[in-house]
Amino acid sequence: MRLGGVGLYSSSSSFSSSVFVFDHYHHLAPKPFSAYTSSKKPFLTTFTPKRRSIMTLPSAALFSQNPVVSDVVATALSGSVAFSLLQLLKETATRGIFDQKLNRKLVHISIGIAFMLCWPLFSPGSRGAWLAATIPGLNIIRMLILGLGLWKDEATVKSMSRFGDYRELLKGPLYYVIAIALVCIIYWRTSPISIVAICNLCAGDGVADIIGRRFGSIKIPYNRNKSIAGSIAMVSASFLASVGFMYYFSLFGYMERSWEMVLGFWIVALASALVESLPISTDLDDNLTVPATSILVGILVF
């Protein structure tokens, strides 16, 4: 599925405009401007530039005249946000403010969602995607170092593990950051697949566990470790978060809002919740099965 965005370019002697369509792999393909003006109002309005410049899709890039510097600064800021959240939740785990299981799920929900909120800071194209992916990439290295016992950090282990065993970081937490890094590099912010993969993994799976533990007295017949309340919560949280990010990214012109996309989010949320409820997700790890299902179904739907 192709996702729409608008770009304008100008020269010193004359002004001309063209609409470009971004595909999943960040390439530009020209499309006549009349194709938009004849049938519907463009997603973004045009304007008359007052000076010679090259305009791309709107974004929150910090230094539009120097995209390399902008991406480096964006990486530092996004990394600082992720690090600050981790430090905050590590402190809550150390002080015992939240139950350990709840604290772990707060990490699970917040890190991926906060990271995706920072994507508009980066420039369009593969460089922005790769630099953004260095943030979960560094956490991959961190999980390996901690999980192998090469570095001791009891507070981090406590905030991310079920039972306080550092070797747990080589499973769910490692799969979590690997999934986010791959989605960032492959699909980036112009694809609804990146939205469903991260929202289902973070918001959906995280909320399902929190609600399931508190209101999950009615178990699923084929898996007594899962509850109906948890599955309903997963579908709801995944779907609402996905729709929210569709609107968020559309503000920057990365994709067009549509009811077809909303329906696709609902279908993928249902499929992911179904797979998450199966015993195989417990045997493997839902940090593997949920993003894998989201991507596979997303490819079919979108």
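Because the structure is a prediction, the values reported are computed rather than measured. (Residues numbered from 1 in each chain as written. Predicted model: local features only at pLDDT ≥ 70, side-chain atom pairs only at ≥ 80, totals over all residues. Heavy atoms only, no water.)

Two strands pair when backbone bridges link them, and strand β6 (residues 219–220) and strand β7 (residues 223–227) are joined in this way by two bridges, in the antiparallel orientation. Its bridge partner lying in β7, I220 is registered against N223. Connecting β6 to the next strand, β7, in antiparallel fashion are two residues. (Pairing = 2+ DSSP bridges. Helix = DSSP H or I, 4+ residues; strand = E, 2+ residues; numbered from the N terminus.)

Membership of the largest hydrophobic core comes to 63 residues, with the highest contact counts inside it found for W119, F249 and F265. For this core, the leading source of residues is helix α7 (residues 192–215), giving 10 residues. Residue-level mapping places this core at the junction of two domains, with at least three residues from each of domain 1 (62–188) and domain 2 (190–301). (Core = buried A, V, L, I, M, F, W, Y, C linked by side-chain atoms within 4.5 Å. Buried < 20%, exposed > 50% of the residue type's maximum accessible area, 1.4 Å probe, protein only. Domains from an automatic or database assignment.)

Moving on to the pattern of salt bridges. Counted by the stated rule, this structure contains seven salt bridges. Linking R127 and D71 is a salt bridge whose minimum nitrogen-to-oxygen distance equals 2.9 Å. With R127 in helix α4 (residues 126–147) and D71 in helix α2 (residues 67–95), this pair connects stretches of sequence that are 56 residues apart. (Salt bridge = Lys/Arg side-chain N within 4 Å of Asp/Glu carboxyl O.)

With that out of the way, let us pick up the side chain of S281. Structurally, the position occupied by S281 is in helix α10 (residues 279–283). Residue S281 is classed as buried on the basis of its relative accessible area, which comes to 3%. Ignoring anything within four residues of it in the chain, the contact list for S281 reads V275, E276, D286 and T289. (Contact = heavy atoms within 4.5 Å.)

Right, let's talk about the UniProt feature "transmembrane region" (unreviewed entry) in the chain for a bit. Per the UniProt annotation, the sites labelled "transmembrane region" (unreviewed entry) are residues 106–122, 128–151, 172–189, 228–249 and 261–278. In residues 106–122, the share of helix is 71% and the share of strand is 0%. The end C-alpha atoms are 26 Å apart. Taken end to end, residues 228–249 has its terminal C-alpha atoms 32 Å apart, with 100% of it in helix and 0% in strand. (UniProt positions renumbered as here; feature names shortened; annotations may be inferred.)

Below, the discussion takes up the confidence of the model for the chain. Per-residue pLDDT for the chain has a mean of 82; in total, 79% of the residues score no lower than 70. Scored below 50 in pLDDT, residues 1–57 shows 95 contacts in the model against residues more than four places distant or in partner chains. (pLDDT = per-residue confidence, 0-100.)

Okay, α4 next. In an α-helix, one turn spans 3.6 residues, which is why side chains three or four residues apart end up on the same side. Compared with an ideal rise of 1.5 Å per residue, which puts 22 residues at 32 Å, α4 spans 31 Å between its outermost C-alpha atoms and is within 8% of the ideal. The largest bend in α4 is about 35°, located at I135, with the proline P136 one to four residues further on. Those residues of α4 that sit buried are G128, A129, A132, A133, I135, P136, N139, I140, R142, M143, L146 and G147. On its buried face, α4 sits against α2, α3 (100–117), α5 (154–160) and α6 (172–186). A positive backbone phi angle near 75° is found at G149, which sits one or two residues after α4. (Expected span 1.5 Å × (residues − 1). Bend = angle between axes of the 7 residues up to and from the residue.)

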